[in-house]
Amino acid sequence: MLASGFAAKGEDLTVYLQNTATADFMTLVAAKGITSKMFGGIDVRIRWELGDPRKTDGAAIAMQFDSSAPARFRSDALAYATPFDDTRTCIHIFYNRVLGSVPRKLAPGLLGHVMAHEITHVLQRTEAHSATGVMKAQWTLSDYQAMSVRPLAFEAENIEAIRGYWSDKKMVTSR
């Protein structure tokens, strides 16, 4: 069931993957499936592409896979996004840290959640976190266990803020 006020047709988002040679192919395929399922549950369709975003794509985000994290990040940081960048929003996934955080068989699930978490930061245009679910600031062991069974949920305020992304885009293009 769709939450109140969301367009019945849903919304489309293109995510451009960059530097994917860093990531294991099968792990990345499974993670994309998990991320797509999470957003599909709130009626957002993700189209995955390789390379740089094209200007004609509408809603587009660049996601880069980095083999290491810059020293300025905490040792437990798995990724970061630049949600306030209007020209070329980019998400950086610290792939080696994701792999090192969980047993190998759980890596696709964690990567899918990390990808969904950072995409949500961009769509919400905020660095804010939620008390529970996919937008929690730091996942616990019980969160990792839960995500190995089924994807973590978006809180209602996350869904509302994600919807706001398309409302804002439509307001800007109709001016």
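Rules behind the numbers
- Residues numbered from 1 in each chain as written.
- Predicted model: local features only at pLDDT ≥ 70, side-chain atom pairs only at ≥ 80, totals over all residues.
- Heavy atoms only, no water.
- Helix = DSSP H or I, 4+ residues; strand = E, 2+ residues; numbered from the N terminus.
- Buried < 20%, exposed > 50% of the residue type's maximum accessible area, 1.4 Å probe, protein only.
- Contact = heavy atoms within 4.5 Å.
- Areas by Shrake-Rupley, 256 points an atom, 1.4 Å probe, with all protein chains shown as cover.
- Core = buried A, V, L, I, M, F, W, Y, C linked by side-chain atoms within 4.5 Å.
- Pairing = 2+ DSSP bridges.
- Patch = residues over 30% accessible without salt bridge, like charges linked within 9 Å, V, L, I, M, F, W, Y side chains within 5 Å.
- Salt bridge = Lys/Arg side-chain N within 4 Å of Asp/Glu carboxyl O.
- Axes fitted to C-alpha atoms, helices over the stretch in contact; angles between N-to-C directions.

**Side note on the overall build of the chain**
So, step 1. Each helix and strand counted, the chain has 5 helices and 5 strands in total.
So, step 2. When the elements of the chain are put in sequence order from the N terminus, they spell out β-α-β-β-β-β-α-α-α-α.
So, step 3. Burial status across the chain gives 46% buried among its 175 residues.
So, step 4. For the chain, restricting intrachain contacts to residue pairs at least 6 apart in sequence, the fraction spanning at least 24 positions comes to 73%.
So, step 5. As presented, the chain carries roughly 9,200 Å² of accessible surface, and 55% of it is formed by carbon and sulfur atoms.

**Side note on the nonpolar core**
So, step 1. The biggest cluster of nonpolar side chains holds 43 residues, and the ones touching the most others in it are Leu-13, Phe-39, Phe-65, Ile-93 and Ile-119.
So, step 2. Looking at this core, the element that brings in the most residues is helix H3 (residues 107-124), giving 9 residues.
So, step 3. In this structure, Phe-39 is in contact with Val-44, Ile-46, Ala-116, Ile-119, Thr-120, Leu-123, Phe-154 and Ile-162, ignoring residues within four places of it in sequence.

**Brief notes about the pairing of strand S5 (residues 90-94)**
Looking along a regular strand, one sees side chains alternate from face to face of the sheet.
So, step 1. For S5, the buried fraction is high: 5 of the 5 residues fall into the buried class.
So, step 2. A two-sided burial pattern is seen for S5, the buried positions comprising Cys-90, His-92 and Phe-94 on one face and Ile-91 and Ile-93 on the other.
So, step 3. Relative to S5, strand S3 (residues 60-66) runs parallel, the two sharing 5 bridges. Within the sheet, the bridge partner assigned to Ala-62 lies in S5 and is Cys-90.

**Details of a nonpolar patch on the surface**
So, step 1. Taken together, the side chains of Phe-25, Met-26 and Val-29 make up a nonpolar region of the molecular surface, amounting to roughly 330 Å² of accessible area.
So, step 2. Tracing the sequence through the fold places Met-26 in helix H1 (residues 25-40).
So, step 3. Residue class for Met-26 comes out exposed when judged on its relative accessible area of 56%.

**Comments concerning the sheet that holds strand S2 (residues 44-50)**
So, step 1. Reading across the sheet, the 5 strands line up as S2-S1-S3-S5-S4 and stay open at both edges, with mixed pairing between neighbours. Each having just a single partner strand, S2 and strand S4 (79-81) make up the two edges of the open sheet. The mean inter-strand angle of the sheet, taken between neighbouring strand axes irrespective of direction, is 20°.
So, step 2. Relative to S2, strand S1 (residues 11-18) runs parallel, the two being bridged by 7 bridges. For Leu-13, the partnering residue across the bridge sits in S2 and is Ile-46.
So, step 3. Contacting S1, S2, S3, S4 and S5, H3 crosses the sheet at an angle of about 140° to S3.

**Regarding the pattern of salt bridges**
Once their charged atoms are close, side chains differing in charge can pair, the charge on each being opposite to the other.
So, step 1. Within this structure, the stated rule accounts for 6 salt bridges.
So, step 2. Two residues, Asp-24 and Arg-104, come together in a salt bridge whose shortest N-O distance is 4.0 Å. With Asp-24 in the loop between S1 and H1 and Arg-104 in the loop between helix H2 (95-101) and H3, this pair connects stretches of sequence that are 80 residues apart.
So, step 3. Its relative accessible area of 31% is what places Asp-24 among the partly exposed residues.
So, step 4. Here Asp-76 and Arg-74 are joined by a salt bridge, their closest N and O atoms 2.5 Å apart.
So, step 5. Of the residues examined, Asp-76 reaches a relative accessible area of 42% and is grouped as partly exposed.

**Brief notes about unusual backbone geometry**
So, step 1. Unlike most non-glycine residues, Asp-43 shows phi in positive territory, near 65°.
So, step 2. Of note, the phi angle at Arg-125 is positive, near 55°, even though the residue is not glycine.
So, step 3. With respect to the secondary-structure elements, Arg-125 resides in the loop between H3 and helix H4 (141-147).
So, step 4. Residue classification places Arg-125 among the partly exposed positions, given a relative accessible area of 30%.

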